[in-house]
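A closer look at the structure
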Amino acid sequence: MIHNIYVGSVCQERLGSSRIDKETYNQSADPSVSYHRVKVLDRDNKDAESQKITEDPITKAIGAIGKWQIWICFVIFLVKFPVAWHQMSIIFLAPPMNFTCASSDNDFGSVCLAEYKNCTDFQYDRSVFHETIISQWNLVCNREWLKSLTQTIFMLGILVGNMVFGHLSDRFGRRMPFVAAVCLQLVTGVTTAFSVDWYMFTILRFLLAVATGGTMVSSFVLIMEIIGAKYRETVGILYQIPFNLGHLTLPLFGYFLRDWNTFQLAISLPSVLFLSYYFLLPESPRWLITAGKAKEAAVIMETAAKRNGLPTDEIATTTQKIAAGLSNADEEHASFLALFRTPKLRARTIAICFNWFVCGLCFFGVSQYIGHVSGDIFSNVAVSAAIQVPGTLISIYANRVLGRKVTLISANCVTGLSCLLIMVVPDTGASHLSLGCIGLWGMSISFATVYLYAGELFPTVVRNSGVGLASTVARIGSMVAPFVATLRLTYFWLPPLAFGIVPLIGAGLCLVLPDTRGKKLPDTLDEGEA
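A short tour of the structure in this document, coming up.

Calculation criteria
- For every chain, the first residue of its written sequence is number 1, and the numbers climb from 1 along that sequence.
- A pLDDT threshold of at least 70 governs which residues receive local features in this predicted model, and a stricter bar of 80 or more applies before side-chain atom pairs are shown or counted, although totals over entire chains, interfaces and linings include all residues.
- As a rule here, side-chain values cover all heavy atoms of the structure and leave hydrogens and water aside.
- Counting from the N terminus, the helices are the DSSP runs of H or I reaching at least four residues and the strands are the DSSP runs of E reaching at least two.
- Categorising residues by exposure relies on relative accessible area from a 1.4 Å probe, with only protein chains included: less than 20% of the type maximum marks a residue as buried, more than 50% marks it as exposed, and the intermediate range marks it as partly exposed.
- Should any heavy atoms of two residues lie within 4.5 Å, those residues are counted as being in contact.
- Salt bridge, as used here: a side-chain nitrogen of Lys or Arg that lies within 4 Å of a carboxyl oxygen of Asp or Glu.
- The nonpolar core is taken to be a set of buried Ala, Val, Leu, Ile, Met, Phe, Trp, Tyr and Cys residues, with the residues joined through side-chain atoms within 4.5 Å.
- For the domains described, the bounds stem from an automatic or database domain assignment.
- We call a pair of cysteine sulfur atoms a disulfide whenever their separation is within 2.5 Å.
- For every element, the axis is a line fit to its C-alpha atoms; helices are fit only across the contacting stretch, and the angle between N-to-C directions ranges from 0 to 180 degrees.
- Each angle gets one of four labels, with under 35 degrees taken as roughly parallel, over 145 as roughly antiparallel, 65 to 115 as roughly perpendicular, and the rest as oblique.
- Put simply, a crossing is left-handed when the front helix is turned counterclockwise from the back one by less than a right angle, and right-handed when it is turned clockwise.

Comments concerning the overall build of the chain
Summing up its helical and strand segments, the chain has 23 helices and four strands in all. Counting the 530 residues in the chain, one finds 59% classified as buried. A separation of at least 24 residues holds for 80% of the contacts in the chain among residues at least 6 apart in sequence.

Quick notes on the pattern of salt bridges
Taken as a whole and assessed by the stated rule, the structure comprises two salt bridges. Between Glu131 and Arg126 there is a salt bridge, and its shortest N-O distance comes to 3.1 Å. Glu225 is the salt-bridge partner of Arg174, the closest N and O atoms lying 2.6 Å from each other. Of the two residues, Arg174 is situated in the loop between helix 6 (145-172) and helix 7 (175-192) and Glu225 in helix 8 (residues 198-226); the sequence distance between them amounts to 51 residues. The pair Arg174 / Glu225 is uniform in exposure class, with both members buried.

So, the side chain of Thr152
Assignment of secondary structure puts Thr152 in helix 6. Overall, the relative accessible area of 12% leaves Thr152 in the buried class. Not counting residues within four places of it along the chain, the set of residues in contact with Thr152 comprises Met479, Pro482 and Phe483.

Topic: the nonpolar core
Grouped together as the largest cluster of nonpolar side chains are 123 residues, with contacts concentrated most on Phe92, Ile223, Ile352 and Trp356. It is helix 16 (residues 343-370) that provides the largest number of residues to this core, a total of 15 residues. Each of domain 1 (63-281) and domain 2 (338-529) gives at least three residues to this core. In this view, Phe92 contacts Phe129, Leu250, Pro251, Gly254, Phe263, Ile377, Phe378 and Val381; residues no more than four positions away in its chain are not counted. Grouped together as the second largest cluster of nonpolar side chains are five residues, Phe165, Val210, Val217 and Val221 included.

Comments concerning the state of the cysteines
Inspection of the entire model under this criterion finds two disulfides. There is a disulfide in this structure between Cys112 and Cys141, and the S-S distance comes to 1.9 Å. Because the torsion about its S-S bond is 105 degrees, the bridge between Cys112 and Cys141 counts as right-handed. In this pair, Cys112 is assigned in the loop between strand 3 (99-101) and strand 4 (122-124) and Cys141 in the loop between helix 5 (133-137) and helix 6, connecting sequence segments 29 residues apart. Owing to a relative accessible area of 34%, Cys112 belongs among the partly exposed residues under this scheme. On the accessibility criterion, Cys141 (17% relative accessible area) is buried. Taking only the cysteines that form disulfides and numbering them from first to last, the chain has the pattern 1-3, 2-4. Cys362 supplies the cysteine sulfur nearest to Cys359, a cysteine that is in no disulfide, at a spacing of 7.8 Å.

As for unusual backbone geometry
Despite not being glycine, Asn138 has its phi angle at roughly 50 degrees, a positive value. Within the element layout of this structure, Asn138 appears in the loop between helix 5 and helix 6. At Cys141, a position not held by glycine, the phi torsion is positive, near 55 degrees.

Notes on the packing of helix 10 (residues 241-256) against helix 11 (residues 260-268)
Two numbers describe how helix 10 lies on helix 11: the axes approach to 9 Å, and their chain directions differ by 140 degrees. By the angle between their axes, helix 10 is oblique relative to helix 11. When you trace helix 10 past helix 11, the crossing you get is right-handed. Taking contact as the criterion, the partners of Leu250, Phe253 and Gly254 in helix 10 are, on helix 11, Phe263, Ala266 and Ile267.

Spelled out as structure tokens, the structure:
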């Protein structure tokens, strides 16, 4: 079942008095963001050529962007640091560790020898890491797969958190579910550090992932609802930068904290600061209006307008008019199955969903794979994280100049070819790291583009369902990624082959997609098919 979502931001925000409850969408470059549904005003104008993009009354009242929005964006952007820490923490919770059986005379190694089959007492090389979940619970040989299963279950928790807190955010507002998610993230993150066995660790990490998914979705929707349409594309992509910076700072925790439990505790405790958001963050004025709380919305909008140096005289009247219009609106519904009823829309849905799968698989898979290549794990992860920042920034320019189609094809080809080269280029340490970083750089561009692309491609009546389906497919990719990355220990060529072929297939499927840059968004299924 596809959950309700709030979709990305480069759309036209059109106003009027006769039609309401069409969906607008807001975009982000974050691979882990899910979406929600929000009502906005929409003008019913059947003449596409005469249809004009105008500023909606909420944006007109508080400004498209100003001091008020910048402060809230800054505060919320900080949430992305623990999101990155927890999503990528498996790299340092379960890093490669050489081992040997205590009863054997063999030196430490990374391969499970045949004579270790019945071994129950392993010794580990603790020269780099003192204690990891691998050495704590002997996740080697026939128990090695449990390490990958832990991360797969974590990614499943992110998906569940997106759906659960997405529903809660639609029903109870953006602010309170966000604070609840922060509390759950703090409690489960800290408790995970004191796990006594693999089962407790995995269950708590699943709950931690649910909370992390909740903070992601609630905070992102709040940002997109206070930013004017003119700036949502840029802000939505910049929202990814704190995730990149969080990924970049993760090796510092790993370097100074070589025990997995102190490492886990250190990346969890900063969430204490976010409890203050109960007092710092306002509720979304858009949600308040759609929930029939126009007076509360007016108070927040007046505060925003004053902060941005705008007049406040007409705000109360404006919110009452918007609320009255929403109460009289009719809502259009369409099942996500409608995406597969017509040939062109079906082909485009399959193509864009596969490209979301590519991003989920390759972004998280290559990130984890880099943690296993030869060389210093701390510098490897830091370099791979640093390369994503310029990739995210370049995606803004590329999508404006080259369009969605060429950008996505090019970025996928960069990732695919760089990963395939890993199979044939000798491993000199820096060579495989460089190729893996180039692959991640390409994925940072692809991830930003598919969010934008999907929001513009699907018709309004099924946009929620379409992007929800694509987001779910991406999560499946991220759940498979840990198992693919760890195949390196068995067949070194399998992970780069998978991470190379899959993006190239995605690039080929892009040929059936139209370029949506600067085009009118399709509202009906007929427009989407055309």
